[in-house]
Amino acid sequence: YDSDFIADFYNVLDSGDTLYYSWGGNPDGETVSVCTPTMYRCNMTGQRLVIPDEVYYQGHRYRVTRIDDDAFHNDFALRHVTLPQSLNYIGFTAFKNCFRLDTIVFTGGNLTTLKNAAFPVQTALVLPDTMSKDMASIMKLQIYEYSQMLENASSMAYDRQQIINSYVGLLEQMKNYEEPSKY
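To keep things clear, this report deals only with the structure shown in the data block. Note that the structure is a prediction, hence the values are computed from the model and not measured. The numbers attached to residues start from 1 for each chain and follow its sequence in the written order. With pLDDT at 70 or above as the cut-off, local features in this predicted model cover only qualifying residues; side-chain atom pairs require 80 or more to be listed or tallied, and sums for whole chains, interfaces and linings still use all residues. As a convention, hydrogens and water are excluded, and side-chain values are obtained from all of the structure's heavy atoms.

## Considering the pattern of salt bridges
Right, so step 1: Whenever a carboxyl oxygen of Asp or Glu lies within 4 Å of a side-chain nitrogen of Lys or Arg, that contact is scored as a salt bridge. This model, assessed by the stated rule, comprises three salt bridges.
Right, so step 2: For Arg-66, the salt bridge goes to Asp-68, with nearest N and O atoms at 3.4 Å.
Right, so step 3: Under the relative-accessibility criterion, Arg-66 is labelled buried at 17%. For each residue, the accessible area found with a 1.4 Å probe, counting protein chains only, is set against the maximum for its type, and the residue is called buried under 20%, exposed over 50%, and partly exposed in between.

In structure tokens, the structure reads:
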């Protein structure tokens, strides 16, 4: 028995990648989160990852609605991620230190929670038309959270500089974001 084990089960995708899932944070019993397998290890994937809308485990179907904190932290191979339509939550530092991650494609407009530092600032976000207003609201909320973090940051210059760098990256993403055309 591994006391550091977090995941409740895993699933091997068609691509050969293994993703780990948890029922934590999903009290309905019908949905799951992509999570880290243990406290000390993240999901490690190939260069392209498509997270499925649903997974099957022991004869039951579960919708994937969350990516938990640190789920892909330090996955150095990952370059492109397609998120499921069912996704409504991306946790704190979910894709932190995924330095090669170029693109995240959002396929649905259900995202309601995007935690700070969820992905590297250089990552391009591809958003569906249905998400544009919601994403702008989420980004505004993140700017507020960054300002709160700056106010509460320790006096250490390093902590403050990390927060400022993340904030500037978020502003760059917003500057480059264009509303989808209505045509």
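On we go.
## Focus: the sheet that holds strand β7 (residues 80-83)
Right, so step 1: Pairs of strands are assigned from DSSP output, requiring at least two bridges between the strands. Secondary structure elements are taken from DSSP: a helix is a run of H or I of four residues or more, a strand is a run of E of two residues or more, and numbering for both begins at the N terminus. Reading across the sheet, the four strands line up as β4-β7-β9-β11 and stay open at both edges, with parallel pairing between neighbours. Each edge of the open sheet carries a strand with a single partner, namely β4 (48-50) and β11 (124-126). Sheet twist, expressed as the mean angle between neighbouring strand axes with direction ignored, is 10°. A fitted line through C-alpha atoms represents every axis, and for helices the fit uses only the stretch in contact; the resulting angles, taken between N-to-C directions, go from 0 to 180 degrees.

## Regarding the pairing of strand β1 (residues 9-12)
Right, so step 1: The side-chain alternation of β1 yields one buried face, formed by Phe-9 and Asn-11, and one unburied face, formed by Tyr-10 and Val-12.
Right, so step 2: The sheet contact formed by β1 and strand β2 (residues 18-22) spans four bridges and is antiparallel. Bridging from a neighbouring strand, Phe-9 pairs with Tyr-21 of β2.
Right, so step 3: Between the antiparallel neighbours β1 and β2 lie five residues, among them Gly-16 with a positive phi of about 95°.

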